[in-house]
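Commentary on secondary and tertiary structure
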Amino acid sequence: MSFTTQDARTVSSQLTTDVAIVGGGPVGCVAALAFAQRGARVYVIDAGSAPTRLAGEWLHPTGVSVLTQLGVDLTKLGIPHSRGRGFAIFPHTGSPIVLSYVGGEWGIGCQHHVLVEALQKQLARISNIRLIRGYRVVDVRPEVVVATCPQRSRTIELHSRLVVGADGRQSIVRQKLGYSSSRQPVSYMAGFPVPAGVLPYLDHGNVFLGGPGPVLAFRISDSLARVCFDVPANRVAWIRQPRELIGAYRSVLPEAVIEACLKVSENDVPAVAANQLLRRRYYGRAGMALIGDAVGHCHPLCAVGMSVGFLDAVALAESATVEEFAAKRSSVGRVPELLSMGLYDLFVSPDPGSVELRAAVYQLWRTSAAARRDTMRLLAVRETRRAALAITFARLASVASRQIVSGLLNRSLGHSLAAVCGLGRWGGWLAREMIVS
């Protein structure tokens, strides 16, 4: 069997394989490569998506390592991309804080549809993988996947010992498993492609804080960058008024970035995505597994989505059963989610407790190499133990508490009391989330 992309006229109506993967995005492709590397026969069913879709474009070194282990080299494949050393944080006041990956590792920035193209090219090199594009899955049950072509003129039935849902936030596999897909709205993201040269730190993701929401800007090739504006849910109208949107962040962005975004907005509208929270609780059962965003998703500020999805894929391929896979990932999969949502809330919340904790974060990042290292191990998904996240928070809370005490003479008693209560709420949130299965 060899890799093929087939249309409605040539696909057999009855197919049999070892693993059927629903979704041919980055996570689905990595799952196919991981299973094929272990000798399984794999089919990937991909409905396809719009090239302009705003989706994952930054891959931490952990995810890059997975690609390397699976034989994917974007440079050798001739795929435009960039390398990134970590993140440069721009607080509203003070100098930037540079957080580099530990040990000189590199991440990757790449346009989403270009990365998908690269991974599907890699599938073409593997003899026991077959890709069927242009079919939409309409029914899933243990050991069976049913899909139709766009005109519904043909239906295929794929029989497989394992069905993998790598079909993202609207996962039909998740729906058929009966898991809740109730998401918590967080905000919106509006992305503008700009010349890479306007970024202050070319070799880092640039995070600008202090505006209506964070702004994340990073290279997606040697010459192109993406500027992603976090738009509060109550300001969604800005998305239809790009100039007003960009202007609302003018005070926290370099003028070169502002001007580049304004120029893009003259002829085009930004790519948009909804930022939502769906906690990572369910991984599948009885021969039907979920990986990546089909398990859960959170705010993309920390850019952990693809790396976590890649780790899901490899863990599933290495597991004898779905239940074994679920046990592996449920113990470690929530730490990146908690970090992402915690940092996002910390950076945007105006309450005194968050203000003090935010100042503590900046102080530790500026003064402690150990704190920078620990943060980047968590961000890069190198460290996934819940205890490590709890220790990091305790260190921050200690610094924030000392700041509150030392500032008693300079701040109102009301502010200090509110700050103490706010720290207590943060601690309670983390404690509750840590014990959620």
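What counts, and at which threshold
- Residues numbered from 1 in each chain as written.
- Predicted model: local features only at pLDDT ≥ 70, side-chain atom pairs only at ≥ 80, totals over all residues.
- Heavy atoms only, no water.
- Helix = DSSP H or I, 4+ residues; strand = E, 2+ residues; numbered from the N terminus.
- Rg over C-alpha atoms; globule rule 2.2 N^0.38 Å.
- Buried < 20%, exposed > 50% of the residue type's maximum accessible area, 1.4 Å probe, protein only.
- Contact = heavy atoms within 4.5 Å.
- Areas by Shrake-Rupley, 256 points an atom, 1.4 Å probe, with all protein chains shown as cover.
- Pairing = 2+ DSSP bridges.
- pLDDT = per-residue confidence, 0-100.
- Expected span 1.5 Å × (residues − 1).
- Salt bridge = Lys/Arg side-chain N within 4 Å of Asp/Glu carboxyl O.

1. So, the overall build of the protein chain
Scanning the protein chain for helices and strands turns up 13 helices and 18 strands. Over its C-alpha atoms the protein chain spans a radius of gyration of 22 Å, differing by no more than 12% from the 22 Å that the globule rule assigns to 437 residues. By principal-axis analysis of the C-alpha atoms, the protein chain measures approximately 75 × 50 × 40 Å. Buried positions account for 56% of the 437 residues belonging to the protein chain. Summarising the internal contacts of the protein chain: among those between residues at least 6 apart in sequence, 73% fall at separations of at least 24. A total accessible area of about 18,100 Å² is found for the protein chain, and carbon and sulfur atoms account for 53% of it.

2. Some words on the sheet that holds strand E4 (residues 82-84)
Strand order in the open sheet formed by three strands is E3-E7-E4, with antiparallel pairing between adjacent strands. Single-partner strands in this sheet number two, and they are strand E3 (58-59) and E4. As judged from the three bridges shared by E4 and strand E7 (residues 107-109), these two strands associate in the antiparallel manner. From the neighbouring strand, Ser82 faces E7, where its bridge partner is Gly109.

3. A short note on the confidence of the model for the protein chain
Detailed reading of the predicted coordinates is not advisable wherever pLDDT falls low. On average, residues of the protein chain carry a pLDDT of 89, and 94% of them reach 70 or more. Segment residues 1-8 is flagged for pLDDT under 50; beyond a separation of four residues in sequence, or across chains, it makes 28 contacts in the model.

4. Topic: helix H12 (residues 386-406)
The end-to-end C-alpha distance of H12 is 31 Å, a good match for the 30 Å that 21 residues give at a rise of 1.5 Å each. Every buried residue of H12 is listed here: Arg386, Ala388, Leu389, Thr392, Phe393, Leu396, Ala397, Val399, Ala400, Gln403 and Ile404.

5. Examining the pattern of salt bridges
The tally for this structure, following the rule as stated, stands at 22 salt bridges. Between Asp203 and Arg219 there is a salt bridge, with its nearest N and O atoms 3.2 Å apart. Taken together, the positions of Asp203 in the loop between strand E12 (184-195) and strand E13 (205-208) and Arg219 in strand E14 (residues 215-219) put the pair 16 residues apart, joining distant regions of the chain. You can call Asp203 partly exposed: its relative accessible area is 30%. When its relative accessible area of 12% is taken as the criterion, Arg219 is described as buried.

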